[in-house]
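What the coordinates show
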Amino acid sequence: MGIIERMRLDGKTAFVTGGARGIGKSIATAIAEAGSNVAIIDLDIEEAKKTADEIAKLGVKTIAIKADVTKEEDVDNMIKVILDTFGKLDVAFCNAGICLNIPAEEMTYDQWKKVIDINLNGVFLSSQAAAKVMLKQGKGSIINTASMSGHIVNVPQPQCSYNASKAGVIMLTKSMAVEFAKKGVRVNSISPGYIGTELTLESPTLKPLIEQWNAMSPVGRMGRPDELQAIAVYLAGDTSDFTTGSDFIIDGAFSCF
């Protein structure tokens, strides 16, 4: 069997938080194209249903689940629905996140906590819940969305809470990877650079910054959501069995200087 066949995800079950749109939707689509069943997790259940319906046309089984990843009871229910529907969980893509561009001296504590709660605590709760299932199974892959912002301080926008949360995701990933290394469960993270999702490209506050970001980028442009798909499929599958505790920076060399 060749490498392409061995990278297939046929028979696997995955969930993607923040899966209704943007990076999450792109990753969910790629995992489904590779043969995996997919649960689309999002607070926007109507958009999640639309995404699930689109992906189902690829010939896999999909469901949409409404969940707030900062609430333990929502995450527990999410896992229950997945297990009741599919009977197992092979891949967890913990992707839900937000960013607030507010100067540090002006940021309220509630604003700080909101970003940390979704970006870091939400990833912890989602990955922990997935790990509990996977450890019993003796196998599984957890993939967390971090960011190049966990490695650099972005300019010109002020986003200290986002940067801190994503740095936390990277170290959470590495810590879990070491704990689970001999138990069959792998944990890795993907650190995208600036990605041109619909929300980013249409945001009135971000549009003025895109030209500056592109000028700073060695490749001269933002990335596309589909340019994250290959690494996600690789990490989800069995060909990456020796890959754990790694953070994959995909940013067009933006963070190299």
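Preceding this paragraph is the structure being described.
Residues numbered from 1 in each chain as written. Predicted model: local features only at pLDDT ≥ 70, side-chain atom pairs only at ≥ 80, totals over all residues. Heavy atoms only, no water.

With that settled, consider the overall build of the protein chain. Along its length, the protein chain carries nine helices and seven strands. Over its C-alpha atoms the protein chain spans a radius of gyration of 17 Å, differing by no more than 12% from the 18 Å that the globule rule assigns to 257 residues. Taken over the C-alpha atoms alone, the protein chain extends approximately 45 × 40 × 40 Å along its principal axes. Here the protein chain holds 257 residues, and 51% of them are scored as buried. A sequence separation of at least 24 residues applies to 72% of the contacts in the protein chain between residues at least 6 apart. Of the accessible surface of the protein chain, which amounts to about 11,900 Å², a share of 55% is contributed by carbon and sulfur atoms. Of the charged side chains in the protein chain, 26 are positive and 30 negative, and the gap between their average positions amounts to 5 Å. (Helix = DSSP H or I, 4+ residues; strand = E, 2+ residues; numbered from the N terminus. Rg over C-alpha atoms; globule rule 2.2 N^0.38 Å. Buried < 20%, exposed > 50% of the residue type's maximum accessible area, 1.4 Å probe, protein only. Contact = heavy atoms within 4.5 Å. Areas by Shrake-Rupley, 256 points an atom, 1.4 Å probe, with all protein chains shown as cover. Lys, Arg positive; Asp, Glu negative; His and termini not counted. Charge placed at Lys NZ, Arg CZ, Asp CG, Glu CD.)

Bringing the packing of aromatic side chains into the picture now. In this structure the tally under the stated criterion is three aromatic pairs. Taking the centre distance of 3.8 Å and the plane angle of 5 degrees together, the rings of Tyr194 and Trp213 count as stacked. In this pair, Tyr194 sits in the loop between strand E6 (185-192) and helix H7 (198-202) while Trp213 sits in helix H8 (residues 207-216), placing the two residues 19 residues apart along the sequence. Trp213 carries the same exposure label as Tyr194, and that label is buried. Taking the centre distance of 5.3 Å and the plane angle of 90 degrees together, the rings of Tyr194 and Phe254 count as edge-to-face. (Phe/Tyr/Trp six-rings, centres within 6.5 Å; stacked < 30°, edge-to-face > 60°.)

All right, on to the sheet that holds strand E5 (residues 140-145) then. Strand order in this open sheet of seven strands is E3-E2-E1-E4-E5-E6-E7, and the pairing throughout is parallel. Across the chains shown, the open sheet's two edge strands, defined by having one partner strand only, are strand E3 (62-66) and strand E7 (247-250). Each strand of the sheet is rotated relative to its neighbour by a mean of 15 degrees, with strand direction disregarded. Sitting on the sheet, helix H3 (residues 45-56) touches strand E2 (37-42) and E3, and the angle it makes with E3 is about 170 degrees. (Pairing = 2+ DSSP bridges. Axes fitted to C-alpha atoms, helices over the stretch in contact; angles between N-to-C directions.)

This part covers the pairing of strand E1 (residues 13-17). Judged by how many residues are buried, E1 sits mostly within the fold: five of five residues are covered. Side chains of E1 alternate between two faces, with Thr13, Phe15 and Thr17 and Ala14 and Val16 buried alike. Once the chain exits E1 it traverses helix H2 (residues 22-33) before rejoining the sheet at E2, and the crossover so formed is right-handed. (Right-handed = clockwise from strand over helix to strand, strands pointing away.)

Let us now look at H8. Buried within H8 we find Leu209, Ile210 and Trp213. With its buried residues spanning 110 degrees around the axis, H8 presents them on a single face. H8 presents Pro208, Glu211 and Ala215 as exposed residues on the side facing more than 90 degrees away from its buried surface. (Arc of directions from axis to C-beta.)

Turning next to the side chain of Ser127. Looking at the secondary structure, you find Ser127 in helix H5 (residues 109-137). Excluding its chain neighbours within four sequence positions, the residues that come into contact with Ser127 are Cys94, Ile142, Asn144, Leu172 and Met176.

So, about the packing of H5 against helix H6 (residues 160-180). The contact between H5 and H6 brings their axes to 8 Å, and the two run at 15 degrees. Put simply, H5 runs roughly parallel to H6. Taken as a pair, H5 and H6 cross one another with a handedness that is right-handed. Packed against H5, whose contacting residues are Trp112, Val115, Ile116, Asn119, Leu120, Val123, Phe124, Ser127, Gln128, Ala131 and Leu135, the element H6 presents Cys160, Ser161, Tyr162, Ala164, Ser165, Lys166, Gly168, Val169, Leu172, Met176 and Phe180 at the interface. Considering only residue class, the contact of H5 with H6 consists of 15 nonpolar, six polar and one charged. (Parallel < 35°, antiparallel > 145°, perpendicular 65-115°, else oblique. Left-handed = near helix turned anticlockwise from the far one by under 90°. Nonpolar A, V, L, I, M, F, W, Y, C, P; charged D, E, K, R; others polar.)

Attention shifts here to the pattern of salt bridges. One pass over the structure, following the stated rule, counts 14 salt bridges. A salt bridge links Asp44 to Arg21, with the shortest nitrogen-to-oxygen separation between them at 3.1 Å. One end of the pair, Asp44, is in the loop between E2 and H3; the other, Arg21, is in the loop between E1 and H2, with 23 residues separating them in the sequence. A relative accessible area of 33% means that Arg21 is categorised as partly exposed. A salt bridge links Lys80 to Asp84; its shortest N-O distance comes to 2.8 Å. Here Lys80 pairs with Asp84, and both are found in helix H4 (residues 72-86), just four residues apart, close to one helical turn. For the pair formed by Lys80 and Asp84, the shared burial category is exposed. (Salt bridge = Lys/Arg side-chain N within 4 Å of Asp/Glu carboxyl O.)

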